[in-house]
Amino acid sequence: AHTWSAIISAHAKLGKAETALHLYHKMMVLGSKSDKYVFLAVLKACSTLSHVKLIHDHIIQSGLQSIVMIGNAMIDLYAKLSSLEEARAVFDKLLNRDAVSCNTMIAACTQYGKLFQALDCFKKMQGDGIEPDDVTFSSILIACSTVGAMKKGRLIHHQIVERDLQLLVNVGTALADMYGKCGSLIDLLDAFRSLPYRDIVSWGALIAGCVQCGKPHLAMKYFQEMQGEGFTPN
RNA sequence: GCUUCGA
């Protein structure tokens, strides 16, 4: 199974989804048993709901549905290909939820523009003794930015600083993004300057944020500066 | 060989 999962996931990562699914089919025909890594690899190759449902059935038949990593992948896929309700159904049934489960659910709520549900999930995970991590905070910030909730974003910002998580690029960039989308140029620049390093994504958040804040000339200035630091615009 | 976030 480990050699099958390696080759299936390699194809899935390279975007060769059909080939990955064919290999999975071949593996079954040859009578090899799937383990959790095979399922994770083949789930990555699923681009339609019907594929996901089919694999989900196989997972249930194998009795592997209660494995956290599998459940987490299912939450993500149902959110992206089906509906928030279906994602939540998997989330609710999962008994050994971890931070990734909650992060995935929060990102799912965000995708559907449900800030209140995202915040509720954030609150409940802490009630359940699951520690929020950097991914949790970056996801919650994106939820705030998509609905322009700067006041809530600031409260989250304080919790981030308490843990020094603003020093991580993903969190720092999400902060910059949130302030930019909410129109606070000062806070946007402050978040950007606190980043441990800059990459193409953080530059993008800065430039888009300047535009959002009504400062197109500043955006142009940073666009030049970005190229001066060797980044090619994407 | 392994799931979630900043585009």
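Now for a description of the structure that goes with this document. (Residues numbered from 1 in each chain as written. Chains lettered and ligands numbered in written order. Predicted model: local features only at pLDDT ≥ 70, side-chain atom pairs only at ≥ 80, totals over all residues. Heavy atoms only, no water.)

**With respect to the overall build of chain A**
What chain A contains, in helices and strands, is 14 helices and 0 strands. The order of α-helices and β-strands along chain A, N terminus first, is α-α-α-α-α-α-α-α-α-α-α-α-α-α. In terms of its C-alpha atoms, chain A occupies a principal-axis envelope of roughly 60 × 40 × 25 Å. Residues classed as buried in chain A amount to 45% of the 234 residues present. (Helix = DSSP H or I, 4+ residues; strand = E, 2+ residues; numbered from the N terminus. Buried < 20%, exposed > 50% of the residue type's maximum accessible area, 1.4 Å probe, protein only.)

**Brief notes about the side chain of T173**
As for its placement among the helices and strands, T173 is situated in helix α11 (residues 169-182). Since its relative accessible area comes to 10%, T173 is described here as buried. Not counting residues up to four positions away in its chain, the partners in contact with T173 are L195, V201, S202 and A205. (Contact = heavy atoms within 4.5 Å.)

**Regarding the environment of L218**
Mapping L218 onto the fold places it in helix α14 (residues 216-228). Setting aside residues up to four positions removed in sequence, L218 forms contacts with L185 and C210.

**Points about the protein's contact with RNA strand B**
K13, D35, Y37, M69 and N72 are the nearest of the 29 residues found near RNA strand B. Protein-proximal atoms of RNA strand B, defined as those within 4 Å of the protein, fall in sugar or phosphate at a share of 52%. Within the side chain of N103, a nitrogen or oxygen atom sits 3.0 Å from a base oxygen of RNA strand B. At 3.4 Å, a side-chain N or O of D177 approaches a phosphate oxygen of RNA strand B. Taken together, the residues of the surface near RNA strand B break down into 12 nonpolar, 10 polar and 7 charged. (Near = heavy atom within 4 Å. Polar contact = N/O pair within 3.5 Å; in protein donor to acceptor, adjacent residues only side chain to side chain. Nonpolar A, V, L, I, M, F, W, Y, C, P; charged D, E, K, R; others polar.)

**What to know about the layout of surface pockets**
Put simply, the largest pocket is a space of about 250 Å³. Around the largest pocket, the lining comprises 14 residues; the ones closest to its centre are H56, I60, Q65, V90 and K93. Residue composition of the lining of the largest pocket, by class: 8 nonpolar, 4 polar and 2 charged. In this structure, the second largest pocket occupies an estimated 220 Å³ of space. (1 Å grid on protein atoms, 1.4 Å probe; cavity = no way out; pocket = protein on both sides within 12 Å on 5 of 7 lines; lining within 4 Å. Points joined across faces, edges and corners; volume = space filled by probe spheres on them.)

**Here we look at the pattern of salt bridges**
Under the criterion given, the structure shown has 7 salt bridges. The residue D187 makes a salt bridge to R154 at a minimum N-O spacing of 2.7 Å. Taken together, the residues D187 in helix α12 (residues 185-193) and R154 in helix α10 (residues 150-162) connect sequence positions 33 residues apart. For K181, the salt bridge goes to D177, with nearest N and O atoms at 2.8 Å. Remark: D177 and K181 occur in helix α11; sequence separation between them is 4 residues, near one turn of the helix. Classification of D177 as buried rests on a relative accessible area of 15%. (Salt bridge = Lys/Arg side-chain N within 4 Å of Asp/Glu carboxyl O.)

**A short note on helix α6 (residues 84-93)**
Since there are 3.6 residues in each turn of an α-helix, residues three or four apart along the chain are aligned in direction. Those residues of α6 that sit buried are L84, A87, V90 and F91. With its buried residues spanning 125° around the axis, α6 presents them on a single face. Facing away from the buried side of α6, by more than 90 degrees, are the exposed residues E85 and K93. Of the surrounding elements, those touching the buried residues of α6 are α5 (68-81), α7 (99-111) and α8 (115-127). (Arc of directions from axis to C-beta.)

**Some thoughts on unusual backbone geometry**
Phi is positive for D164, close to 65°, though the residue is something other than glycine. Checked against the element boundaries, D164 lands in the loop between α10 and α11. D164 sits in the partly exposed class, given a relative accessible area of 47%.

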